[in-house]
Amino acid sequence: MSDLRALYEEVILEHNRKPRNYMKRPEGANRSAYGFNPICGDEFTIHMAVEDGVVKDVGFEGAGCAISTASASMMTQALMGRTEAEAEALFEAMRDLLTHDHPDPAAAGRVGKLQVLTGVREFPMRVKCATLAWHTMHAALHGVDGTVNTEEPEERHQCAIGGGH
Amino acid sequence: MNAAGGQPGMTAVATGAMTLPLDVETIRAEFPVLRQEVNGQPLAYLDNAATTQKPRAVIDAVSGFYERDCANVHRGVHALSARATAAYEAARGTVQRRLNASRPEEIVFVRGATEAINLVAWSFLRPRLQDGDEILLTGMEHHANIVPWQLLCQQSGARLRVLPVTDAGELRLEALDGLLGDRTRLVAVTHVSNALGTINPVAEIAARAHARGVPVLVDGAQALPHVAVDVQALGVDFYVFSGHKVYGPSGIGALYGKHEHLQAMPPWQGGGEMIQSVTFDRTTFAAPPLRFEAGTPNMEGAIGLAAALEWLACVGIGRAAAHERALLDHATRALREVPGVRIIGTAAEKAAIISFTMEGAHPHDIGTILDHEGIAVRTGHHCAQPLMRRFGVPATARASFALYNTHAEVERLAEGLRQVRRVLGR
Ligand SMILES: Cc1ncc(COP(=O)(O)O)c(C=O)c1O
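Residues numbered from 1 in each chain as written. Chains lettered and ligands numbered in written order. Predicted model: local features only at pLDDT ≥ 70, side-chain atom pairs only at ≥ 80, totals over all residues. Heavy atoms only, no water.

**Observations concerning the interface of chain B and chain A**
Facing the 17 residues of chain B at the interface are 22 residues of chain A. For the pairing of chain B and chain A, the buried interface totals around 1500 Å² over both sides, and the portion due to carbon and sulfur atoms is 55%. Scanning the region where chain B abuts chain A turns up one salt bridge. A salt bridge links D365(B) to R126(A); its shortest N-O distance comes to 2.8 Å. Where the side of chain B that touches chain A is concerned, the elements lending two or more residues are α13 (363-372) and α15 (407-423) of chain B. In terms of residues, the side of chain B that touches chain A owes the most to one element, α13(B), which gives five residues. Counted by class, the side of chain B that touches chain A contains five nonpolar, nine polar and three charged residues. (Contact = heavy atoms within 4.5 Å. Buried area = accessible area lost by both parts, 1.4 Å probe. Salt bridge = Lys/Arg side-chain N within 4 Å of Asp/Glu carboxyl O. Helix = DSSP H or I, 4+ residues; strand = E, 2+ residues; numbered from the N terminus. Nonpolar A, V, L, I, M, F, W, Y, C, P; charged D, E, K, R; others polar.)

Listed below in structure tokens is the structure:
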């Protein structure tokens, strides 16, 4: 039970029960992307209203497991009011923390309370649940058309690094 | 039609089924993999529809081949090659008897159910398929029995028709005759659904299709471990299965095809083994089944598969089925008592497979939390996305039982699901 708690932290469960900025397409949304994980069927659409290089508002739609839902919910909170450069840096730090065996020690400091999501590293099969929303947000931020698929090569590579073997 | 009575062992197995219940502890002792802990708990392996574990008899058959007989088949004059060839062809005989095919030439060794379906698609159906023709599937097919036909359709202009599934997870048989038209060129149906457990009335479907002159392929991947299969009694044209789901090795499976069909089919892949003579102008092909076994086959796989089928026959498929039926009934009752659980697939005729969802718990979370309790289940769409859509769920959790599972494991599953609720704070 103890290490399960590392994955299902109270904060995560709470966000899963009451996701923030959920089923919301913010006023003035001008960046959107759809992401899905074909293995388990999780799918999210992230909408962002970006104005003068600042994320004014974020929302998400879709459905997934507790980890992916909480990750998306916490992400939307963390992004509010950030500059695009800050959002990019947050994405990089989260990716590092979630998927690398030896993440940059400075990354933890940069993500604040999002660190709670890193319990997923002990559960290699679940890493993609936590990264889905982030990759989708990243695609939206860069105005990448189409869909983010967790089974595409970059992610597969990360899975191996994350302890898939 | 059923020649089972004439086969050594079959009659005894059938009567044994009625008298002696299965001694599960004795059975379990034959599966080394079951003797382990996962996350500090004894392993409860309930993912048997994905793959089954292997008994000592299979492990020994495969390692015995490596230790004594390893040589290429159908090629050498030396002693080892002769032994390997004899063992490989004996394995074909075992598959033939277990399916009650009328002759060994009707059994083609392949990689598994998927490859067998592709073989039939390209070698049997493709040449006779034209623009506007139809292939009839059902709403509960595994992707392996959908995608190959779709690929054919893309090339030929043919199209798929789909026999619908009821809310209980049974085929809507009353729609069958209406869907069988002048342009139907094949019916492809699963014997047992991997996602719902439903056992389909394939003999009846075959009879109705044949009345319209339409050949029938049955996907037996989930059937072999649970029900006695007699291809002649079923009256099907093709029957396919995978070794790894019936206690045998992976990378081996078999295609049963009626001799008249196999005889008329062109080769699918070219290479060694499948030829009679080759010049640079012309090749004449071997007769079935070798015509369809290009290249060095999975010899140890075939031998391991035969060992698995013999072992299962020895235990008694009837006894196995009775034990699994008891597990299924127990699990169905136990899961219904867990708050929020919805069982998907409540057909009257079911193999020991239970798909379910749980209110407030995504299947993925269920899978992780059960794993923490040492319980292995499958979560996801089970390679049956159209079926998931039919039931309006993105995914389910699935517990699938084998003859070595116990009633104590059923209780652990139910308790594990209560634990899921506690962990997720529901
Ligand atoms: C009903 C059914 N058909 C076909 C297959 C494909 O079997 P394989 O992957 O061994 O070829 C499966 C395996 O999951 C199955 O359950």
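**Examining the confidence of the model for chain A**
In this model, chain A carries a mean pLDDT of 86, and residues with pLDDT of at least 70 account for 88%. pLDDT under 50 marks residues 153-165 of chain A. Its contacts with residues more than four places away, or in other chains, come to 23 contacts. (pLDDT = per-residue confidence, 0-100.)

**A look at the nonpolar core**
All names here are of chain B. Ranked by internal contacts, the top residues of the largest apolar core, which has 78 residues, are Y239, Y247 and L403. Sort the elements by how many residues they give to this core and helix α11 (residues 299-315) lands first, with 11 residues. Residues contacting Y239, with those up to four places away along its chain left out, are H191, V218, G220, A223, L224, V229, V231, L234, A254, L255 and Y256. (Core = buried A, V, L, I, M, F, W, Y, C linked by side-chain atoms within 4.5 Å. Buried < 20%, exposed > 50% of the residue type's maximum accessible area, 1.4 Å probe, protein only.)

**Digging into the sheet that holds strand β16 (residues 378-380) of chain B**
Residues and elements named next belong to chain B. Read from one edge to the other, the open sheet built from four strands follows the order β13-β14-β17-β16, with strand pairing classed as antiparallel. Where the open sheet ends on each side, the last strands, each with one partner, are β13 (341-344) and β16. Between one strand axis and the next, the sheet turns by 30 degrees as a mean value, whatever way the strands run. Looking at chain direction, β16 and strand β17 (residues 396-400) are connected through three bridges and run antiparallel. If you follow R378 over to β17, its bridge partner there is R398. Its contacts with the sheet put helix α12 (residues 317-336) on β13 and β14 (353-358), and the angle it makes with β14 is roughly 5 degrees. (Pairing = 2+ DSSP bridges. Axes fitted to C-alpha atoms, helices over the stretch in contact; angles between N-to-C directions.)

**Things to note about α15(B)**
One turn of an α-helix holds 3.6 residues; hence residues three or four places apart share an orientation. Residue and element names in this part refer to chain B. Its 17 residues place the ends of α15 24 Å apart at the C-alpha level, agreeing with the 24 Å of an ideal helix rising 1.5 Å per residue. Regarding α15, the residues found buried are E409, V410, L413, A414, G416, L417, Q419, V420, R421 and V423. G425 lies just past α15 and shows a positive phi near 70 degrees. (Expected span 1.5 Å × (residues − 1).)

**A word on the environment of D42(A)**
Structurally, D42(A) can be placed in strand β2 (residues 42-51). Separated by 37 residues in sequence, D42(A) and L79(A) place their C-alpha atoms 21 Å apart. Setting aside residues up to four positions removed in sequence, D42(A) forms contacts with G35(A), F36(A), N37(A), A63(A), G64(A), C65(A), S68(A), C129(A), L132(A), H362(B) and H364(B).

**Examining the pattern of salt bridges**
One pass over the full model with this rule turns up 29 salt bridges over all chains. Linking K258(B) and D237(B) is a salt bridge whose minimum nitrogen-to-oxygen distance equals 3.5 Å. With K258(B) in the loop between β10 (253-257) and α10 (259-264) and D237(B) in the loop between α9 (231-234) and β9 (238-242), this residue pair connects regions lying 21 residues apart in the sequence. The partly exposed category is assigned to K258(B), whose relative accessible area is 23%. Overall, D237(B) belongs to the buried group, its relative accessible area being 5%. With a closest N to O distance of 2.9 Å, E415(B) and R422(B) form a salt bridge. Residue classification places E415(B) among the partly exposed positions, given a relative accessible area of 40%. According to the relative accessible area criterion, R422(B) is partly exposed, its value standing at 47%. Through salt bridges that share partners, E14(A), K18(A) and R20(A) make up one connected network.

**Thoughts on the site of the ligand**
Residues and elements named next belong to chain B. Close to the ligand lie A113, T114, H142, A144, T190, N194, D219, A221, Q222, S242, H244 and K245. Contact between the ligand and Q222: an oxygen atom at 2.7 Å from a side-chain N or O atom of the residue. Within the side chain of S242, one N or O atom sits 2.7 Å away from an oxygen atom of the ligand. For the ligand, whose free accessible area comes to 400 Å², the fraction covered by protein is 84%. (Near = heavy atom within 4 Å. Polar contact = N/O pair within 3.5 Å; in protein donor to acceptor, adjacent residues only side chain to side chain. Areas by Shrake-Rupley, 256 points an atom, 1.4 Å probe, with all protein chains shown as cover.)

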